[in-house]
Amino acid sequence: MEDSFLPESARIWLEGAEPVDLVIGLLTFNDTTTAPSLVRAMIEGCARSLPQQRILVVNCDAGSQDGTTQAIEQSVGDKARLLTIPHAVLGSSYKLVSESGVPGRESAFRILATVTDKLNAAACVVVDGNVKSVDEHWSQLLVDPIVEKGVDCVLPWFLRNRYEGTLTNTLLAPLTTALYGKRIPYHLGGAYAFSANMIRSTLLPQPWGEEIARHGIDGWVMTLAVAESLQICRAALGPRLQQVKPMGELSDLVAQSVGCLFYLMERYQEKWETVKGSAPIPTVGPPMGMGAATGAINVERMVNGFRQGLRDLLPVWQIILPAETFQQVLELGVEDTDGFRFSPSLWVQVVYDFALAYHERLLHREHLLKALTPLYLGYTASFVSGTRAQGVEQVERELARLNDHFETMKPYLVQRWRWHDE
Amino acid sequence: MLRADPLWYKDAVFYEIHVKAFADGNGDGIGDFQGLIGKLDYLQWLGVDCLWLLPFYPSPLRDDGYDVADFRSVAEQYGTTEDVRRFLDEAHRRGMRVIVDLVLNHTSDQHPWFQEARQSPQSLKRHFYVWSDNDRKYGKARIIFIDTEKSNWTWDSEAKAFYWHRFFSHQPDLNYDNPEVRQAMLDTMVFWLDQGLDGFRCDAVPYLFERESTICENLPETHDYLKDIRRRLDETYQERILLAEANQWPSDVRPYFGNGDEFHMAFHFPLMPRLYMGVRSETRDPIVDMFTHTPEIPPNCQWCLFLRNHDELTLEMCSGEERDYMYYTYGRDPKMRRNIGIARRLAPLLDNDRRKIELLNSLVFTMPGSPIIYYGDEIGMGDNIQLKDRDGVRTPMQWTMDRNAGFSPCDPAQLYLPVVADALYGYQVVNVESQKEAPHSLLHWMKRMIAVRKRFPTFGRGTITFLRPANGKVLAYVRRHENIALLLVHNLAGSAQSAELDLKEFAGSMPIELLGESQFPQVTDRPYALTLAPYGYYWLNLKPEHAGMEPYGIELTAL
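Residues numbered from 1 in each chain as written. Chains lettered and ligands numbered in written order. Predicted model: local features only at pLDDT ≥ 70, side-chain atom pairs only at ≥ 80, totals over all residues. Heavy atoms only, no water.

## Topic: the overall build of chain A
Then, number 1: Helix and strand counts for chain A come out as 18 helices and 10 strands.
Then, number 2: Residues classed as buried in chain A amount to 59% of the 422 residues present.
Then, number 3: Taking the intrachain contacts of chain A between residues at least 6 apart in sequence as the baseline, contacts between residues at least 24 apart amount to 84%.
Then, number 4: A total accessible area of about 16,500 Å² is found for chain A, and carbon and sulfur atoms account for 49% of it. (Helix = DSSP H or I, 4+ residues; strand = E, 2+ residues; numbered from the N terminus. Buried < 20%, exposed > 50% of the residue type's maximum accessible area, 1.4 Å probe, protein only. Contact = heavy atoms within 4.5 Å. Areas by Shrake-Rupley, 256 points an atom, 1.4 Å probe, with all protein chains shown as cover.)

## Brief notes about the sheet that holds strand S13 (residues 370-374) of chain B
Residue and element names in this part refer to chain B.
Then, number 1: The eight strands are arranged S1-S2-S3-S7-S8-S9-S10-S13 in a closed barrel whose pairing can be described as parallel. Across the sheet, the axes of successive neighbouring strands diverge by a mean angle of 25 degrees, strand direction being ignored.
Then, number 2: Those strands touched by helix H7 (residues 179-195) are strand S3 (97-103), strand S7 (199-203) and strand S8 (241-244), and its axis lies near 145 degrees from that of S7. (Pairing = 2+ DSSP bridges. Axes fitted to C-alpha atoms, helices over the stretch in contact; angles between N-to-C directions.)

## Observations regarding the environment of Gly-260 of chain B
All names here are of chain B.
Then, number 1: The residue Gly-260 is located in the loop between helix H9 (250-253) and strand S9 (265-267) in this model.
Then, number 2: For Gly-260, a relative accessible area of 8% gives the class buried.
Then, number 3: A C-alpha to C-alpha distance of 6.0 Å links Gly-260 and Asn-300, two positions 40 residues apart in sequence.
Then, number 4: Setting aside residues no more than four positions away along its own chain, Gly-260 makes contact with Arg-230, Pro-298, Asn-300 and Cys-301.

## A few points about the packing of aromatic side chains
Then, number 1: The tally for this structure, following the rule as stated, stands at 60 aromatic pairs over all chains.
Then, number 2: Here the aromatic rings of Phe-109 of chain A and Tyr-192 of chain A are separated by 5.9 Å at their centres, their planes lie at 70 degrees, and the arrangement is edge-to-face. Taken together, the residues Phe-109 of chain A in helix H4 (residues 105-118) and Tyr-192 of chain A in strand S7 (residues 191-195) connect sequence positions 83 residues apart. One exposure class covers both Phe-109 of chain A and Tyr-192 of chain A, and it is buried.
Then, number 3: Pairing Phe-71 of chain B with Trp-113 of chain B gives two aromatic rings, centres 6.0 Å apart and planes at 45 degrees, and the pair type is tilted. Placement of Phe-71 of chain B in the loop between strand S2 (50-53) and helix H5 (81-93) and of Trp-113 of chain B in helix H6 (residues 112-117) is noted, with a sequence separation of 42 residues between them. Comparing Phe-71 of chain B with Trp-113 of chain B, the two get one shared label, buried.
Then, number 4: Among the aromatic residues, ring-to-ring pairing joins Phe-33, Phe-56, Tyr-57, Phe-71, Phe-87, Trp-113, Phe-128, Phe-191 and Trp-192 of chain B into one connected group.
Then, number 5: In this structure, Arg-365 of chain A is placed above the aromatic ring of Tyr-358 of chain A, and the distance from its NZ or CZ to the ring centre is 3.8 Å.
Then, number 6: In this structure, Arg-280 of chain B packs its charged tip against the face of Tyr-330 of chain B, placed 4.7 Å from the ring centre. (Phe/Tyr/Trp six-rings, centres within 6.5 Å; stacked < 30°, edge-to-face > 60°. Lys NZ or Arg CZ within 6 Å of the ring centre and 35° of its normal.)

## Digging into the interface of chain B and chain A
Then, number 1: Between chain B and chain A, the contact holds 14 residues from the first and 29 residues from the second.
Then, number 2: For the pair chain B and chain A, the two sides together bury roughly 1,900 Å², of which 60% comes from carbon and sulfur.
Then, number 3: A per-residue breakdown of the area chain B buries against chain A is headed by Tyr-552, Ile-554 and Leu-559 of chain B, which together make up 44% of the total.
Then, number 4: For the pair chain B and chain A, the interface holds one salt bridge.
Then, number 5: Ionic pairing is found between Arg-455 of chain B and Asp-312 of chain A, a salt bridge with its closest N-O pair at 2.8 Å.
Then, number 6: Put simply, chain B and chain A have seven residue pairs in polar contact (both at pLDDT 80 or more) between them.
Then, number 7: For the side of chain B that touches chain A, the per-class residue count stands at six nonpolar, three polar and five charged. (Buried area = accessible area lost by both parts, 1.4 Å probe. Salt bridge = Lys/Arg side-chain N within 4 Å of Asp/Glu carboxyl O. Polar contact = N/O pair within 3.5 Å; in protein donor to acceptor, adjacent residues only side chain to side chain. Nonpolar A, V, L, I, M, F, W, Y, C, P; charged D, E, K, R; others polar.)

## Describing the packing of H7 of chain B against helix H8 (residues 220-236) of chain B
Residues and elements named next belong to chain B.
Then, number 1: Packing of H7 against H8 leaves a shortest axis separation of 11 Å and a crossing angle of 35 degrees. Judged by the sense of rotation from one axis to the other, the crossing of H7 with H8 is right-handed. Of the residues in H8, those touching H7 at Arg-182, Gln-183, Met-185, Leu-186, Asp-187, Met-189, Val-190 and Leu-193 are Tyr-225, Ile-229, Arg-232 and Leu-233.
Then, number 2: Here the residues of the contact of H7 with H8 sort into eight nonpolar, one polar and three charged. (Left-handed = near helix turned anticlockwise from the far one by under 90°.)

## Topic: empty space enclosed by the protein
Then, number 1: Within the structure shown, the criterion is met by five cavities of 30 Å³ or more.
Then, number 2: Within this model, the largest cavity holds a volume of roughly 390 Å³.
Then, number 3: Phe-145, Phe-167, Glu-245, Asp-311 and Arg-390 of chain B are, among the 29 residues lining the largest cavity, the residues nearest its centre.
Then, number 4: Both domain 1 (8-105 + 175-454) and domain 2 (112-164) of chain B contribute no fewer than three residues apiece to the lining of the largest cavity.
Then, number 5: Val-97, Leu-188, Asp-218 and Gln-256 of chain A together with Leu-559 of chain B are, among the 19 residues lining the second largest cavity, the residues nearest its centre. (1 Å grid on protein atoms, 1.4 Å probe; cavity = no way out; pocket = protein on both sides within 12 Å on 5 of 7 lines; lining within 4 Å. Points joined across faces, edges and corners; volume = space filled by probe spheres on them. Domains from an automatic or database assignment.)

## Some points on helix H18 (residues 410-421) of chain A
Residues and elements named next belong to chain A.
Then, number 1: Along its 12 residues, H18 runs 17 Å from first to last C-alpha, staying within 8% of the 16 Å computed at 1.5 Å per residue.
Then, number 2: If you check which residues of H18 are buried, you get Lys-410, Leu-413, Val-414 and Trp-417. One face of H18 carries all of its buried residues, which in axial projection span an arc of 95 degrees. In H18, those exposed residues whose orientation departs by more than 90 degrees from the buried face are Pro-411, Gln-415 and Trp-419.
Then, number 3: Looking at the buried residues of H18, the elements they touch are helix H6 (166-180), helix H9 (250-267), helix H10 (269-272), helix H14 (344-359) and helix H17 (392-408). (Expected span 1.5 Å × (residues − 1). Arc of directions from axis to C-beta.)

## Topic: the sheet that holds strand S2 (residues 55-61) of chain A
The pairing of strands in a sheet comes from backbone hydrogen bonds and takes either a parallel or an antiparallel form.
Residue and element names in this part refer to chain A.
Then, number 1: Pairing is mixed across the open sheet formed by eight strands, whose spatial order is S3-S2-S1-S4-S7-S5-S8-S10. Sheet topology places strand S3 (81-86) and strand S10 (283-284) at the edges, where each strand pairs with a single neighbour.
Then, number 2: When strand S8 (residues 232-239) meets S10, the two strands line up parallel, connected through two bridges. Bridged to Ala-235 within S10 is Val-284.

## Notes on the confidence of the model for chain A
Then, number 1: A residue-level look at chain A finds 97% of positions with pLDDT of 70 or above and a mean pLDDT of 90.
Then, number 2: When pLDDT is averaged over each element of chain A, H14 of chain A comes out on top at 97 and helix H11 (residues 299-312) of chain A at the bottom at 86. (pLDDT = per-residue confidence, 0-100.)

## As for the pattern of salt bridges
Then, number 1: All chains considered together, the criterion is met by 51 salt bridges over all chains.
Then, number 2: The closest approach of N and O atoms between Arg-54 of chain A and Asp-21 of chain A, which form a salt bridge, is 3.2 Å. Of the two residues, Arg-54 of chain A sits in the loop between helix H2 (35-49) and S2 while Asp-21 of chain A sits in the loop between helix H1 (8-15) and strand S1 (22-28), which places them 33 residues apart along the sequence.
Then, number 3: Taking the shortest distance from any N to any O, the salt bridge between Arg-390 of chain B and Asp-311 of chain B comes out at 2.6 Å. Of the two residues, Arg-390 of chain B sits in the loop between S13 and helix H15 (432-437) while Asp-311 of chain B sits in the loop between strand S10 (302-306) and strand S11 (313-314), which places them 79 residues apart along the sequence. Taken as a pair, Arg-390 of chain B and Asp-311 of chain B share a single burial class, namely buried.

## Observations regarding the environment of Ile-241 of chain B
Then, number 1: Tracing the backbone shows Ile-241 of chain B in strand S8.
Then, number 2: A sequence separation of 232 residues divides Ile-241 of chain B from Tyr-9 of chain B, and the C-alpha atoms of the two residues are 7.9 Å apart.

## Re unusual backbone geometry
Residue and element names in this part refer to chain B.
Then, number 1: Positive phi is not limited to glycine here, since Asp-351 has a value of about 55 degrees.
Then, number 2: In this structure, Asp-351 sits in the loop between helix H13 (346-349) and helix H14 (354-366).
Then, number 3: Even without glycine at this site, Asn-404 takes up a positive phi of about 55 degrees.
Then, number 4: Considering the arrangement of structural elements, one finds Asn-404 in the loop between S13 and H15.

## A short note on the packing of helix H10 (residues 271-281) of chain B against H14 of chain B
Residue and element names in this part refer to chain B.
Then, number 1: The interhelical angle for the contact between H10 and H14, taken along N-to-C directions, is 135 degrees, at an axis separation of 11 Å. In terms of orientation, H10 lies oblique with respect to H14. Helix-helix and strand crossings are classified by hand; for H10 and H14 the assignment is right-handed. On the side of H10, the interface is formed by Leu-275, Tyr-276, Val-279 and Arg-280, while H14 contributes Lys-356, Leu-359, Leu-360, Leu-363 and Val-364.
Then, number 2: Looking at the contact of H10 with H14, its residues break down into seven nonpolar, no polar and two charged. (Parallel < 35°, antiparallel > 145°, perpendicular 65-115°, else oblique.)

Now the structure itself:
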């Protein structure tokens, strides 16, 4: 097995290590205020719900300067075995946006997968070191489905307020659902759990050195879970409270997360083009709805962001969008803020046209992806202003309607995608 | 779709077109409306807002259409009135407005009015023109076309009288003391406005009336009549404009704006040669001086700025010394000189130096006013100084490297003028098609500059404050409108320059370069140092420290 990417010390440690049942991977970068309590909660949770399991905590650290690794060592003490591995951070990794703020997450995932495999562990749980809301139930929610039910991948499902996850809810999740037919929450990061089977059959053989690594590991893993024939479920983990880290430019975030999906659409074309409809995935944990809080959303600023895109990116959009879609987008420019309405069907059309333009390489791909940002702002502004006065149920209904649009308009995507390939 | 805004012309980028020169739709070798309609997509792509068409009326073409023989129809070779209407609809559909030339001052001697007038002193049209039994009246009026005309009077043997003309002798001046003339020209305007035109570029407006013992220019009677026209326009139509051609000093042009109740716009003629002087002499003085002598204009009015047009680069508003300098530096070959000026296009005037072309365009795009692009200058078209009069700058538009530059499928011998075919500017090298393919071509640069300019109403509506760095080769000014401040810095020299700018007033702001959106070092109380490449320029948005940083509210939770 390829392990040259592992630090020498880790390789030596692993050669003499005894097998374990469960690897708890902790990804950290200057998380001294949150990681010690987090790791304690995970260990205690395992001790309570999985008392027979032999546990190894692996702390993949991106070079913390605040004593994170030492604080974790102290916190773990003799309650579990601990392996600290400083993971490699490539220059390009610093550009990647992640809520965890840990650069080089893809390297850390690869290390955790390799360690899990080498030690013949049955599962690997990955938790971000900046999450504050981890409690002792998380271990059970994440690991039980794998150990007890033979699930391959447990995806996180967090309780979110109505306008949290706007990009996830209006693009990433519904597009993934429409493509692969599985209704997943598409909550990126926080916590995952993988079975030994998934690690061996799917994660380790990934082309870790290739372009996909530049799109961030989270979307990659999420797509693997639905595109490969794996047993998946979602774990209801409650609210996700975390130490907030800088997220970078919104356009970088859009480019990275949407780019990941588009990139993998090319790889998994054969899987998604024949899928029709969608089905929910099993859930573990208590049922959750959507929180009611709206947060400080600035609709006017978003509409202005859309208008600025209209001024600055018109020639780019003209290349990407077919004439009819382009015309509809143009017409939005004359709406005043109060009357601004970006219809769900137009939004889905725009997303599909961007995917097609990405596939057809009509523009430099990063420019193309970033050019989607003002349109996303426009649709989000419209979505928020159209539902703000309504209850949470209405927001959920609107999102369900949007999902339907993604599914019903999929034949357009499939037809044009194939047409280009021919 | 046209954007509703009564002050649209303040933000607009204009594009000047000669119908005969743009595109030939019927293959007869002469451009026409059919061809022009086919090129509207290109103009929309370029991003221009308003097209200015040179005269397309029936004419004997002794002054390239400015000798009008019928004000209310279309010259047969260009199409029909129906074609014009279709063209207007298509332009409007693409968000572009259209203004046309209207020659108020005179007609062709072939106009039926003149033909009737010359027949006898009793003719009903006799007083449509200015007659005299001698050639000594209005002796203080200057002769404009001094290289072709000896007098402003010409003897008409049929009328047995002298008739008055400020331009060519085949262009008799209309007699605006005659109320019928005033009404007839108003009716002409109404006719075209009813077809859908968005306004007029009014040719030679200072010369409408004549009064003894005056120079017969800029007379109060002229202003009274122009105000009448404006009143009529405003009463009946919306968002239509009047643009004055008055080749005068800014202080003399100022009255043509009235109190915002005469012309909406006027050309800033004297600025144009001074832009060229500034670049050649590597000093900002001529340009800054010209603005120092430019009076304030009413808030609903606007200057039109241009680098080149269908006429010669006029030096009328230059002193003898300045004229000599301009001839020496830009028109050494006598074939380049026409009347009091230099009949060359932009690129040849600037030795085809892309840096200078960009620099001068940057100036007209950023100084107070609305810029006008002369057709073909967006690709750096050349000229042909061997052709007569100003034909050298009116050659067919160069679309492709195919036959006749893609302008017409006709036999090359049929073309109204030969295409430019020399080694440097020939259509095989300089054409729209090839420049569209090349992302760094002049054409793409122009398109980008137009797009950037449109993002900031500050360019069209803002005030100007000149900065005066110690380095006189650097021209820097701040344009301000509402809460936006733009810093424009130009190096007029052919060598790299540095300058320290006093930007204390903007301390704390973050300059953002408008073309690449890159951030420059923060402005402080200390002199702000900039270095500029030869003929380099910066367009910087002086953003207050926290401006634009107001969050959307979704950034941290988007995923």
